[in-house]
Amino acid sequence: MEEVRGLVKALTKAEAPEAVADVLRALAKAPVTVPILHELKCGAVVSKLRKHENESVATEAKLLIKQWKGLAAAAGVPQTKAPAPAPKTHSFAVDDLGDPTRQAARKKLQATLGEDASDSDSFPAAEAVELALHRKWPNLQQPDQKRDYVAKLRQLSFNLKKNSELRSDVNSKRLTPEKLLELDADQLATREKQEERRKMAEYQHDARSLDWERKNRDRMDKSIGIDNSKTMYPCGKCKSTKVSNYEKQTRSGDEPMTQFFECADCGHRWRF
Ligand SMILES: [Zn+2]
């Protein structure tokens, strides 16, 4: 090691090309190892000499570098550093965002959005959605802003996880982050959920309008002398015959009307 150190020092001090070439030849015979070469930065000093105007210096330098590279290769050191494999998920430095809540939000959004999209799609999307959240609630030091930010984040990631259409709309930018933030719970829900809710609303509307229709019909029937309180269909619960009945087209037009019955005594309702 000391011998090599001395030679490297001599190399930097030597001025005459013949002296430089001599040192290079001496280095070629010196007992070097990769760690020694590395520590003394021999490669850096010698490789500069490969372009020396003196031909023999340049040649000796080239030979020496080749020799050392062979040494390094034999020691298992790759000659050129292979590019580091791209990380599977992007990491966000806390300093980048200035707030760990925002960093956690991006990670969470990316995990959700990345469910079936490639990382390259979900990363910018996660970033854009978080930025939109940040624009809406810029000061997370304020407890109410932080509460709203976190609540929206939870709602978004919950729905994005369940709703693959929503995910793909966000990842593909068909739905902008600003529009995403405007969606209410219904709009964020999955299509099946939306259908379920729509049916429920329809059913409730139907039930209300049937009630109204029945009352109305009873009133009209009475006004023209029809008493709906007497019926051929007695109540299945209390056997009372004070049963009102009315029909309604609930299915398609070519199917029979549905008959609705209500017992005036016990309130039991049925249909057929
Ligand atoms: Zn009854």
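Definitions and cut-offs
- All residue numbers refer to positions counted from 1 along the written sequence of the respective chain.
- Note on the predicted model: pLDDT of at least 70 is required for a residue's local features to be given, and 80 or more for side-chain atom pairs to be given and counted; whole-chain, interface and lining totals, by contrast, use all residues.
- Strands are runs of DSSP state E lasting at least two residues, helices are runs of H or I lasting at least four, and both sets are numbered from the N terminus onward.
- The burial label depends on the number of other C-beta atoms within 10 Å of a residue's C-beta. Counts of 20 or more mean buried, 12 or fewer mean exposed, and intermediate counts mean partly exposed, with C-beta atoms placed from the backbone.
- The contact rule is simple: place each C-beta atom from the backbone, and if two of them lie within 7 Å, those residues are in contact.
- A pair of strands is considered paired only if DSSP assigns at least 2 bridges between the two.
- Interaxial angle, 0 to 180 degrees, is taken between N-to-C directions of lines fitted to C-alpha atoms, where a helix line uses only the stretch in contact.
- Under this scheme an angle from 65 to 115 degrees is roughly perpendicular, one under 35 degrees roughly parallel, and one over 145 degrees roughly antiparallel; angles in between are oblique.
- Only Asp, Glu, Lys and Arg are considered charged in this grouping, and only Ala, Val, Leu, Ile, Met, Phe, Trp, Tyr, Cys and Pro are considered nonpolar; every other residue, Gly among them, is considered polar.
- Expected span of a helix: the number of residues minus one, times 1.5 Å.
- By arc we mean the arc of the directions from the helix axis to the C-beta atoms, nothing more.
- By convention, the crossing between two helices is left-handed when the near helix turns anticlockwise from the far helix through less than a right angle, and right-handed when the turn is clockwise.

Engineer: Explain the overall build of the chain here, please?
Structural biologist: The helix and strand inventory of the chain stands at 13 helices and 3 strands. Out of the 272 residues belonging to the chain, those deemed buried represent 19%. Here the analysis covers contacts within the chain between residues at least 6 apart in sequence; of these, 50% occur between residues at least 24 apart.

Engineer: What is the right way to look at the environment of D265 in this model?
Structural biologist: The topology assignment puts D265 in the loop between strand 2 (258–263) and strand 3 (269–271). Between the C-alpha atom of D265 and that of S240, which follows or precedes it by 25 residues, the distance is 6.7 Å. Discounting chain neighbours no more than four positions away, the residues touching D265 are C235, C238, S240 and K242.

Engineer: In this structure, what is going on with the sheet that holds strand 2? I would like to understand it.
Structural biologist: Strand pairing in a sheet relies on backbone hydrogen bonds, with the paired strands running either antiparallel or parallel. Pairing within the open sheet is antiparallel, and its 3 strands lie in the order 1-2-3. Lying at the two open borders of the sheet, with one neighbouring strand each, are strand 1 (243–248) and strand 3. Neighbour-to-neighbour, the strand axes of the sheet open up by a mean angle of 20°, direction not taken into account. Looking at chain direction, strand 2 and strand 3 are connected through 3 bridges and run antiparallel.

Engineer: Sorry if this is basic, but what is going on with unusual backbone geometry here?
Structural biologist: The phi angle of most residues is negative, glycine excepted, and most peptide bonds adopt the trans form. The residue K173 is not glycine, and still its phi comes out positive at about 65°. Relative to the helices and strands, K173 resides in the loop between helix 10 (164–171) and helix 11 (177–182). Among the residues examined, K173 registers 12 C-beta atoms within 10 Å and is labelled exposed. Of note in the backbone geometry, K239 takes a positive phi value of approximately 65° without being a glycine. Examined against the element boundaries, K239 turns out to sit in the loop between helix 13 (191–223) and strand 1.

Engineer: Help me understand the environment of Q141, please; the structure alone is not making it clear to me.
Structural biologist: Inspection of the secondary structure puts Q141 in the loop between helix 8 (119–136) and helix 9 (143–162). With 42 residues separating them in the primary sequence, Q141 and D99 have C-alpha atoms 9.3 Å apart.

Engineer: Looking at this model, I keep getting lost on the pairing of strand 2. Mind explaining?
Structural biologist: Relative to strand 2, strand 1 runs antiparallel, the two sharing 6 bridges. Along strand 2, the bridge assignment pairs N245 with F261. Here strand 2 folds back onto strand 3 in antiparallel fashion, the turn holding 5 residues, of which G267 has a positive phi close to 85°.

Engineer: Where do I start with the packing of helix 7 (residues 100–113) against helix 9 in this structure?
Structural biologist: Angle between the axes and distance between the axes: these two values describe a pair of packed helices. Their axes nearest at 9 Å, the elements helix 7 and helix 9 cross at an angle of 10°. When the axis of helix 7 is compared with that of helix 9, the two are roughly parallel. Residue-level inspection shows T101, A105, K108, L109, T112 and L113 of helix 7 in contact with helix 9, the latter providing K146, L153, S157, L160 and K161. Split into classes, the residues belonging to the contact of helix 7 with helix 9 amount to 5 nonpolar, 3 polar and 3 charged.

Engineer: Help me understand the environment of Y246 in this model?
Structural biologist: Relative to the assigned elements, Y246 resides in strand 1. C-alpha separation for the pair Y246 and E262, spaced 16 residues apart in sequence, amounts to 9.1 Å.

Engineer: What am I meant to see in helix 7 here?
Structural biologist: Taking 1.5 Å per residue as the helical rise, helix 7 with its 14 residues ought to reach 20 Å, and the 20 Å between its terminal C-alpha atoms agrees with that figure. When we look at burial in helix 7, the residues that qualify are R102, A105, R106, L109, Q110, T112 and L113. One side of helix 7 carries all its buried residues, which in axial view fall inside an arc of 160°.

Engineer: Please clarify how the packing of helix 1 (residues 2–13) against helix 2 (residues 17–29) should be interpreted in this entry.
Structural biologist: In contact at an axis separation of 9 Å, helix 1 and helix 2 are set at 160° when each is read in the N-to-C sense. In terms of orientation, helix 1 and helix 2 fall into the roughly antiparallel class. The chirality of how helix 1 crosses helix 2 is left-handed. For the pair formed by helix 1 and helix 2, the contact residues are L7, A10 and L11 on the first element and V20, V23, A26 and L27 on the second.

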